Every structure is written in structure tokens, then in C-alpha cells.
Amino acid sequence: MRTAVLISGRGSNLEALIGACARPRAAAEIALVISNRANAAGLQHARAAGIPVETIDHRRFAGREEFDQRLSNTLQSYEIKLVCLAGFMRVLSAWFTGHWRDRLLNIHPSLLPAFPGLDTHRRALAAGVRFSGCTVHFVRAEVDAGPIIVQGVVPVRPEDTPEALAARILQLEHRCYPLALDLVASGRARVEGERVLIDAAAAPGVMVINPKP
Ligand code: GRF
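Residues numbered from 1 in each chain as written. Predicted model: local features only at pLDDT ≥ 70, side-chain atom pairs only at ≥ 80, totals over all residues. Heavy atoms only, no water.

Colleague: Explanation requested: the pattern of salt bridges in the structure shown.
Modeller: Any two side chains of opposite charge can pair if their charged atoms end up close together. For the structure shown, the criterion picks out ten salt bridges. Asp199 is the salt-bridge partner of Arg190, the closest N and O atoms lying 3.9 Å from each other. Residue class for Asp199 comes out partly exposed when judged on its relative accessible area of 35%. Through salt bridges that share partners, Arg101, Asp102, Arg140 and Glu194 make up one connected network. (Salt bridge = Lys/Arg side-chain N within 4 Å of Asp/Glu carboxyl O. Buried < 20%, exposed > 50% of the residue type's maximum accessible area, 1.4 Å probe, protein only.)

Okay, structure coming up:
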């Protein structure tokens, strides 16, 4: 299934998705990478893999809707069927999320619905949670909300800094996002109501990193 990945920066999740989709039985194909920043470091992963890259600079558009319209037109011109947000630092309009409803995935580095938005890890540590993780979900108009496809869980350690926790979760993101994309692209995960149902025969939508002493 032709899939686009939207990035703004580092692109480590993009790299993981490209790697997973290069495997022989992958259900999704990364057919396009879009960045709103021409200098996004992650674009190197697309170029190295020979994947088409488009830069759409949001600053050149009068408003959010105009930018989103161009985004959507570009996706359609490449016959894209699924879109993965991977560190894409633009809030998308209700028009865009409605148009791409149930075909638009995002990854967030917390166990949603806890700690949506920015500064996630600092807030998780301040709340004293024992576990945190990442969530891959279908996108709705509200930021970091929508039907959950896959979650990954990591322990929080007493000595954790936001950076240490972020690094531990990022490792898991690189496994959860490819799993979620494969479940969706292969039709083994589908939205029913506001929940995602996964075929009984498929991998379950959870990954746990064993807490080490
Ligand atoms: C990840 O932590 C992701 O969960 C969040 O933004 C970060 C992007 O990192 N939405 P990268 O660009 O994929 O390395």
C-alpha cells in the first residue's frame, strides 16, 4: 500500500519505517517523504533509499488550510493511500484530518491519553508514573488523540531524566511504528467506533520492554 511519511526533523522513525518496508513481505511501501523544512536531517534517509522527497514550506502559505490543501494535493498526485506522521511539527486542520480519516497515523512518545502535546517526558516524570511508552494512533482533529493501534511500554527508572526516558522510548517507537503500519496496510487492524480491532491471528497491538533490575 502506497504510504507517505511526513517529517520535520531528525527522522529516526522514518528510517525505521523505510527499513521495515524494505522487507520482502511488507504490506506498505514508502512511496513519498514530505518535509515542511528543506533542511530536515531525516530527508537523508529518504534520499539514501531512493524515495521521492517533496518539501512544502508552511511559511509560504497564507494559512493552515492552504498549506494542508497543498499537502493533500501532493499526496494525491503520488497516489498515496496511507500517511504516517513521524515528528511532523505542524498541527493539521480539521479539514485535513477529516479528509484522511482512518488513513492518517501518528506516533506520540507517551501512553495516550496520558501526556499529549509537548514536553511529554518531563510531565511524565513529574507525575511519578512507573511506566511510560509510545502510542501509534489514527489521527483525529484534536492533537495526539484518536483510535489506538499499537502501544509500547517501558519502565520509568528513579534516576531518569527526560532525555534518558525519551531515548528508551525512542527505541521502542522504532519497533511499534512499523508494526502498526503493517497491521493497517495489510488490513489486519481496522477502526470500529473509536477503537481499533486487530485480527486475532495477527501480532497483538502491544510491545513491552522487560523491566530490568
Ligand atoms: C518522536 O519521539 C515521535 O514520537 C514524536 O517526535 C519524535 C520524532 O523523532 N512525535 P524522529 O524525527 O522520528 O527521530
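There is more to say, and it comes next.
Colleague: Explain the environment of Ile34 here, please?
Modeller: Topologically, Ile34 is positioned in strand 2 (residues 29–35). Separated by twelve residues in sequence, Ile34 and Ala46 have C-alpha atoms that sit 9.6 Å apart. Once you skip the residues sitting within four places of it in the chain, Ile34 turns out to touch Val5, Leu6, Ile7, Glu54, Ile56, Leu71, Thr74 and Leu75. (Helix = DSSP H or I, 4+ residues; strand = E, 2+ residues; numbered from the N terminus. Contact = heavy atoms within 4.5 Å.)

Colleague: Would you mind going over the side chain of Thr135 with me for this structure?
Modeller: Tracing the chain through its elements places Thr135 in strand 6 (residues 131–138). A distance of 3.0 Å separates the side chain of Thr135 from the backbone nitrogen of Leu112, its partner in a polar contact. Beyond its immediate chain neighbours, meaning those up to four positions away, Thr135 contacts Asn106, Ile107, His108, Ser110, Leu111, Leu112, Ile148, Val150 and Gln151. (Polar contact = N/O pair within 3.5 Å; in protein donor to acceptor, adjacent residues only side chain to side chain.)

Colleague: Could you clarify how one ought to interpret the packing of helix 1 (residues 12–21) against helix 6 (residues 162–185) in this entry?
Modeller: Helix packing geometry: the angle between the two helix axes and the distance between the axes. At a minimum axis separation of 9 Å, helix 1 and helix 6 run at an interaxial angle of 45°. One element, helix 1, and the other, helix 6, form an angle in the oblique class. Here helix 1 and helix 6 pass one another in a crossing that is right-handed. Where helix 1 approaches helix 6, its residues Ser12, Asn13, Ala16, Leu17, Ala20 and Cys21 are matched on the opposing element by Leu170, Glu173, His174, Tyr177, Pro178 and Leu181. Counted by class, the contact of helix 1 with helix 6 contains eight nonpolar, three polar and one charged residues. (Axes fitted to C-alpha atoms, helices over the stretch in contact; angles between N-to-C directions. Parallel < 35°, antiparallel > 145°, perpendicular 65-115°, else oblique. Left-handed = near helix turned anticlockwise from the far one by under 90°. Nonpolar A, V, L, I, M, F, W, Y, C, P; charged D, E, K, R; others polar.)

Colleague: Which parts of the structure should I look at to understand the nonpolar core?
Modeller: Looking at soluble globular proteins, one finds that nonpolar side chains tend to be buried together. Ranked by internal contacts, the top residues of the largest apolar core, which has 42 residues, are Ile30, Leu105 and Ile149. Looking at this core element by element, the count peaks at eleven residues for helix 6. Counting residues in hydrophobic clusters, the runner-up holds 19 residues, among them Leu32, Ile80, Val83 and Leu85. (Core = buried A, V, L, I, M, F, W, Y, C linked by side-chain atoms within 4.5 Å.)

Colleague: I keep staring at the site of the ligand and nothing clicks. Help me out?
Modeller: Around the ligand, a shell composed of Arg10, Gly11, Ser12, Asn13, Gly87, Ile107, His108, Pro109 and Glu173 is seen. For the ligand, whose accessible area on its own is 370 Å², the fraction buried by protein is 84%. Among the residues making up the shell around the ligand, the classes are represented as two nonpolar, five polar and two charged. (Near = heavy atom within 4 Å. Areas by Shrake-Rupley, 256 points an atom, 1.4 Å probe, with all protein chains shown as cover.)

Colleague: Sorry if this is basic, but what is going on with the pairing of strand 1 (residues 2–7) here?
Modeller: Looking down a regular strand, the side chains alternate between one sheet face and the other. For strand 1, the buried fraction is high: five of the six residues fall into the buried class. You can see the chain leave strand 1, run along helix 1 and come back into strand 2, and the turn it takes is right-handed. Pairing between strand 1 and strand 4 (residues 82–85): four bridges, direction parallel. From the neighbouring strand, Thr3 faces strand 4, where its bridge partner is Leu82. (Right-handed = clockwise from strand over helix to strand, strands pointing away. Pairing = 2+ DSSP bridges.)

Colleague: Mind showing me how you'd approach the environment of Arg64 here?
Modeller: You can see Arg64 is positioned in helix 3 (residues 64–77). Overall, the relative accessible area of 41% leaves Arg64 in the partly exposed class. As for Arg64 and Arg90, which are separated by 26 residues in sequence, their C-alpha atoms are 9.1 Å apart. The residues contacting Arg64, other than those within four sequence positions of it, are Arg90, Val91 and Ser93.

Colleague: For this particular structure, what's the right way to read the pairing of strand 8 (residues 189–192)?
Modeller: With four bridges connecting them, strand 8 and strand 9 (residues 195–198) associate as antiparallel partners. Looking at strand 9, one finds that Arg190 is bridged to Leu197. The turn linking strand 8 back onto strand 9 is made up of two residues, and Gly193 within it adopts a positive phi angle of 65°.

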